[in-house]
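Residue-level listing of the chains:
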Amino acid sequence: MSISSEPAITLYGMRLSGHAHRVEAFLNILGLPHRCVEADAELRRSDAFLALNPLGQIPVLVDGDLVLPDSNAILVYLAERYDGSGLWNPKAPEETAQVQRWLSIAAGDLRFGPARTRFLTLWGGTTSFADAQALTDRILHFMDGHLATRDWLAAGRPTIADIACYAYVAHAPEGRTPLDPYPAVRRWLERVEAIPALTPMPRSAIPQPA
Ligand SMILES: N[C@@H](CCC(=O)N[C@@H](CS)C(=O)NCC(=O)O)C(=O)O
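Rules used in this analysis
- Residues numbered from 1 in each chain as written.
- Predicted model: local features only at pLDDT ≥ 70, side-chain atom pairs only at ≥ 80, totals over all residues.
- Helix = DSSP H or I, 4+ residues; strand = E, 2+ residues; numbered from the N terminus.
- Rg over C-alpha atoms; globule rule 2.2 N^0.38 Å.
- Buried ≥ 20, exposed ≤ 12 C-beta atoms within 10 Å, placed from the backbone.
- Contact = placed C-beta atoms within 7 Å.
- Domains from an automatic or database assignment.
- Nonpolar A, V, L, I, M, F, W, Y, C, P; charged D, E, K, R; others polar.
- Near = placed C-beta within 6 Å.
- Core = buried A, V, L, I, M, F, W, Y, C linked by C-beta atoms within 7 Å.
- Pairing = 2+ DSSP bridges.

S.K.: Before we go on, may I ask you to explain the overall build of the protein in this structure?
M.R.: For the protein, the helix and strand inventory stands at ten helices and four strands. Secondary structure elements in the protein, listed N-terminal to C-terminal, are β-α-β-α-α-β-β-α-α-α-α-α-α-α. For the protein, the C-alpha radius of gyration of 17 Å lies close to 17 Å, the compact-globule estimate for 210 residues. Within the protein, buried positions represent 38% of all 210 residues. When contacts within the protein are restricted to residue pairs at least 6 apart in sequence, long-range pairs at least 24 apart make up 67% of them.

Quick look at the structure:
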């Protein structure tokens, strides 16, 4: 038997990344001890990091011998491996499909909508703000209608779909998209933030444009 104070799980992430936040939030919800490594641009370009993820992206989870990049894949892994209740990644076919749908929305519409308007606003870049804004408006409008008649995105209780979609919606205002026109989305954000052990992603200290 080995005795070690080091947690078995390491998360390579960045504190202002919504992709990393969703993983850290879920680790905390499941009560899994872990250490976080802030993977800045220099570390992400290093040979050691590229051996973990040849795409050079965070988050990457290391759990013993397992090295797993990709935020949504990590959520699925953590749920399947550690969630004894089975509720966070439900098995009923309709609910499984709904969770997958929202994980796809997190990786598509939210990644190229509000995550991108936020990135362009805070850090700059050459891709089209107007295109990202159009995607943001479309997905938030859709989410507001969807959440007008239900409390959670994919099932009658929170699932990894809610965790995956949370941060970039909550931080849409950092990308110049106010959430005032989306009351059902705001109520959902409050419900997500009330999940025990979930800590919101910090606001950026980068000055916002007027
Ligand atoms: N599909 C990936 C996307 C992750 C992602 O875009 N990570 C960003 C930070 S939020 C990154 O590492 N960007 C650096 C790069 O793409 O070179 C996931 O869901 O984990």
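S.K.: Explanation requested: the domain arrangement of the protein in the structure shown.
M.R.: If you check the domain split of the protein, you get domain 1 (9-82) and domain 2 (93-193). In this assembly, ten residues from domain 1 lie in contact with eleven residues from domain 2. At the level of elements, α1 (18-29) and α4 (71-82) are the ones that each hand at least two residues to the side of domain 1 that touches domain 2. Of the residues assigned to the side of domain 1 that touches domain 2, the class counts are five nonpolar, four polar and one charged.

S.K.: I keep staring at the site of the ligand and nothing clicks. Help me out?
M.R.: With respect to spatial proximity, the complete set of residues near the ligand consists of S17, H19, G56, Q57, I58, P59, D70, S71, N72 and A107. Of the residues in the shell around the ligand, the class split is three nonpolar, six polar and one charged.

S.K.: Would you mind going over the nonpolar core with me for this structure?
M.R.: Buried together is how nonpolar side chains tend to be arranged in soluble globular proteins. L75, W102, I160, A161, A164, C165 and V169 are the most contacted members of the largest nonpolar core, which has 51 residues in total. Ranked by residue count, the leading element in this core is helix α9 (residues 160-170), at ten residues. Residue-level mapping places this core at the junction of two domains, with at least three residues from each of domain 1 (9-82) and domain 2 (93-193). Ignoring anything within four residues of it in the chain, the contact list for W102 reads L153, A154, A161, A164 and C165.

S.K.: I tried to follow the pairing of strand β1 (residues 9-13) on my own but got confused; where do I start?
M.R.: Consecutive residues of a regular strand have side chains that alternate between opposite faces of the sheet. The pairing of β1 with strand β2 (residues 34-38) spans five bridges and is classified as parallel. Its bridge partner being in β2, G13 is matched across the sheet by E38.

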